[in-house]
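Structural overview
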Amino acid sequence: MTGDRLTVPVSDRFREAATDWGDNRLMDADDALETKAEQALLEIEHLVADATEVEFTVEDGAIHHRPTDDLAAFLDRQADRYGLEPAEVLSMHVDLFARVFLEGEETESADPDDPRPW
């Protein structure tokens, strides 16, 4: 894993999902946040680069990740296409996986016009 380290803020949505997930497992909030970050990053890395390990830390309200070369190239392409920074693109992908692995979750948003998957 040789890409530059990217830093993405932990969104309120992600933090809430990690807290819910951790509460169901009687986990400390920090441990739950780290586990959810690992799950999200593993899903993203696996989908893009077929990776089975991730290099990251969670500190100061942010996730710090060193992406594989394949993921770094993917993020660069998406960033260039939409005029964003690679960390912003990674942040969006991480947030998409915020509620993955939560049992008993509602599949619909309370707002019928909200397109985000829950």
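For the structure itself, consult the block above.
**What to know about empty space enclosed by the protein**
This structure, assessed with the given rule, holds one cavity of 30 Å³ or more. In this structure, the largest cavity encloses a volume near 40 Å³. Every residue along the wall of the largest cavity is listed here: Val 8, Pro 9, Val 10, Ser 11, Phe 14, Ile 63, Ser 91, Val 94 and Asp 95. Counting residues per element, the ones that place at least two in the lining of the largest cavity are β1 (6–9) and α4 (86–96). Examining the composition of the lining of the largest cavity, we find that three residues originate from one element, α4, more than from any other. Taken together, the residues of the lining of the largest cavity break down into six nonpolar, two polar and one charged.

Here is what the cut-offs are and how they apply
- Residues numbered from 1 in each chain as written.
- Predicted model: local features only at pLDDT ≥ 70, side-chain atom pairs only at ≥ 80, totals over all residues.
- Heavy atoms only, no water.
- 1 Å grid on protein atoms, 1.4 Å probe; cavity = no way out; pocket = protein on both sides within 12 Å on 5 of 7 lines; lining within 4 Å.
- Points joined across faces, edges and corners; volume = space filled by probe spheres on them.
- Helix = DSSP H or I, 4+ residues; strand = E, 2+ residues; numbered from the N terminus.
- Nonpolar A, V, L, I, M, F, W, Y, C, P; charged D, E, K, R; others polar.

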